[in-house]
Amino acid sequence: MSIVTLIGSGQMASALTFPLFENGHEVRLVGSPLDDAIIDRLQEDNYHVNLLRTLHDGIHYYKCAEVKEALQGADVVVCGVSSFGVDWFADNILPILDEKVPLISVTKGMLDYEDGSMQTYPEYWQSKLPEGSKLELYAIGGPCTARDLADHDPSFVAYCGPDMEKLRWLRDIFGTDYYVISLTKDVVGLECAVALKNGYALGTALAIGMAEKAGDDGINHNNSEAALFQESVKEMLDLLRIVGGGVDNIMYAAGDLNVTVAAGRSRTVGLLLGKGYTIEEAEEQLKGQTLEAVVIATRTARAVKALAKAGKVSLDDFPLLMHVNKLLNEHGVLNVPWKKFEKEM
């Protein structure tokens, strides 16, 4: 048995308690500074008010102020914050971690810089560690929604990090017959792949909103959504090559794109834009919800523009991303550039 401490009681970290607890491990779930109400309810009857599922009886719950207690004796630490908690985690949690205990993150996203370079969160956190720190950072990617995992729907993900033996050890801790884990040392490839899908899920969901606006004639029209899906995969593959990630990781981007377009906030934003709402109107309807798709699409477009300005890429190779960026940041009008998707190979 291992002791696993999950910091951040968001939906995905909380869903991970299912395979961990069922594998016989001691599970400690710690709320972020914004999670007190979640922890209060969990301590009452194990019900997670955002995940909408009842967790196993026997999980130990802690508020953020109790995080040091929750870390005592831990064999693995899980970062379960959203992308909006990345700096909080770097400033408040990294300094108190035992560097002999591996850290694995469920947080998806990446940062962009003025020169067009993009950085994964594990790389960012690594840069925040003291010189000489031996803390090993690992991460999770792939198509897995929290509620489906909690319901034991078979999920196929990938874990990435610097040491393959440690990755195999982590797979033994987390893996079950319904939570299947592949392993890779390609952190940049996997983490960039699954970060990109949020912005492209928004772009793909434009077709769903357009179809709803046009009205239901009793026929499911899938061509336009499929066209946006395949253009998304093509552009994500190009971006993987740009950041130096292994192109095999496109499978996780495509799978993650599929589940994200099927449900969730990224889909909802794209759907509303597809129906003709402005981004401001869409954000008003989704007030109070974290819209990571908007953040990642904006950061990716900004990076591509910087690379294009430096003559390293052509904006013509990213027509869907550029159109999404216009809708999000340039008061653009919905007009999917279908003809720009044509290719000659």
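This text follows the structure it describes.
In this text, all values refer to a predicted model and were calculated from it rather than measured experimentally.

Chemist: So, the overall build of the protein chain: which residues are in play, and what are the values?
Modeler: Scanning the protein chain from terminus to terminus reveals 16 helices and twelve strands. Taken over C-alpha atoms, the radius of gyration comes to 20 Å for the protein chain, in line with the 20 Å a tight globule of 345 residues would show. Every one of the 345 residues in the protein chain was classed for burial, and the buried ones make up 52%. Of the contacts made within the protein chain by residues no fewer than 6 positions apart, 71% connect residues no fewer than 24 positions apart. Charged side chains of the protein chain number 31 positive and 49 negative; the gap between the two group centres comes to 4 Å.

Chemist: Give a detailed account of the pairing of strand S12 (residues 179-184), specifying residues and quantitative values.
Modeler: Here strand S11 (residues 155-160) runs beside S12; their pairing, made up of six bridges, is parallel. The residue of S12 that forms the bridge with Phe156 is Val180. As a crossover connection, the stretch from S11 through helix H8 (residues 164-174) into S12 is right-handed.

Chemist: Can you break down the packing of helix H9 (residues 187-204) against helix H16 (residues 319-329) residue by residue, with the values?
Modeler: The axes of two packed helices give the description: the angle between them and the distance between them. The N-to-C vectors of H9 and H16 enclose an angle of 80°; their axes lie 10 Å apart at closest approach. Considering the angle they form, H9 stands roughly perpendicular to H16. Together, Tyr200, Leu202 and Gly203 of H9 and Leu320, Leu321, Val324 and Leu328 of H16 make up the contact between the two elements.

Chemist: Describe the sheet that holds strand S6 (residues 76-79), with residues and values.
Modeler: Strand pairing in a sheet relies on backbone hydrogen bonds, with the paired strands running either antiparallel or parallel. Judged by pairing direction, the sheet is mixed, and its eight strands sit side by side in the order S5-S2-S1-S6-S7-S10-S11-S12 without closing on themselves. Two strands in the sheet have a free side with no partner beyond their single neighbour: strand S5 (60-62) and S12. Mean inter-strand twist for the sheet, computed between neighbouring axes without regard to direction, equals 25°. Pairing of strand S10 (residues 137-141) with S11 involves three bridges; the strand directions are antiparallel. In the sheet register, Ile140 faces S11, and the bridge partner there is Tyr159. Strands strand S2 (26-30) and S5 of the sheet are contacted by helix H3 (residues 36-45), whose axis makes an angle of about 150° with S5. Here H8 sits on the sheet and contacts strand S1 (3-7), S6, strand S7 (103-105), S10, S11 and S12; the angle it forms with S12, its principal contact strand, is near 175°.

Chemist: Lay out a nonpolar patch on the surface with the relevant residues and their values.
Modeler: A cluster of nonpolar residues, Phe156, Val180 and Met251, forms a patch on the protein surface that exposes about 250 Å² of accessible area. Tracing the backbone shows Val180 in strand S12.

Chemist: Residues and numbers for the pairing of S1, please.
Modeler: Burial analysis of S1 places five of its five residues in the buried class, which makes it a mostly covered element. Burial of the side chains of S1 extends over both faces: Ile3, Thr5 and Ile7 are buried on one face and Val4 and Leu6 on the other. Where S1 meets S2, five bridges bridge the pair, whose relative direction is parallel. Across the sheet, Ile3 pairs through a bridge with Glu26, a residue of S2. For S1 and S6, the ladder comprises four bridges, and the chain directions are parallel.

Chemist: With reference to specific residues and values, describe H9.
Modeler: The end-to-end C-alpha distance of H9, which contains 18 residues, comes to 26 Å, matching closely the 26 Å that a straight helix rising 1.5 Å per residue would cover. Helix geometry: H9 is bent most strongly at Asn198, by close to 35°. Within H9, 18 of the 18 residues are buried, which leaves it mostly tucked inside the rest of the structure.

Chemist: An account of the nonpolar core is requested, with residue identities and associated values reported.
Modeler: Formed by 48 residues in total, the largest nonpolar core has its most connected members in Tyr200, Leu202, Val269, Leu273 and Leu328. Of all elements in the fold, only H9, helix H10 (206-214), helix H11 (223-243), helix H12 (250-262), helix H13 (265-274), helix H14 (279-285), helix H15 (292-309) and H16 reach the threshold of two or more residues within this core. Formed by 36 residues, the second largest nonpolar core is a distinct cluster that contains Ile39, Leu167, Tyr178 and Ile181.

Calculation rules
Residues numbered from 1 in each chain as written. Predicted model: local features only at pLDDT ≥ 70, side-chain atom pairs only at ≥ 80, totals over all residues. Heavy atoms only, no water. Helix = DSSP H or I, 4+ residues; strand = E, 2+ residues; numbered from the N terminus. Rg over C-alpha atoms; globule rule 2.2 N^0.38 Å. Buried < 20%, exposed > 50% of the residue type's maximum accessible area, 1.4 Å probe, protein only. Contact = heavy atoms within 4.5 Å. Lys, Arg positive; Asp, Glu negative; His and termini not counted. Charge placed at Lys NZ, Arg CZ, Asp CG, Glu CD. Pairing = 2+ DSSP bridges. Right-handed = clockwise from strand over helix to strand, strands pointing away. Axes fitted to C-alpha atoms, helices over the stretch in contact; angles between N-to-C directions. Parallel < 35°, antiparallel > 145°, perpendicular 65-115°, else oblique. Patch = residues over 30% accessible without salt bridge, like charges linked within 9 Å, V, L, I, M, F, W, Y side chains within 5 Å. Areas by Shrake-Rupley, 256 points an atom, 1.4 Å probe, with all protein chains shown as cover. Salt bridge = Lys/Arg side-chain N within 4 Å of Asp/Glu carboxyl O. Expected span 1.5 Å × (residues − 1). Bend = angle between axes of the 7 residues up to and from the residue. Core = buried A, V, L, I, M, F, W, Y, C linked by side-chain atoms within 4.5 Å.

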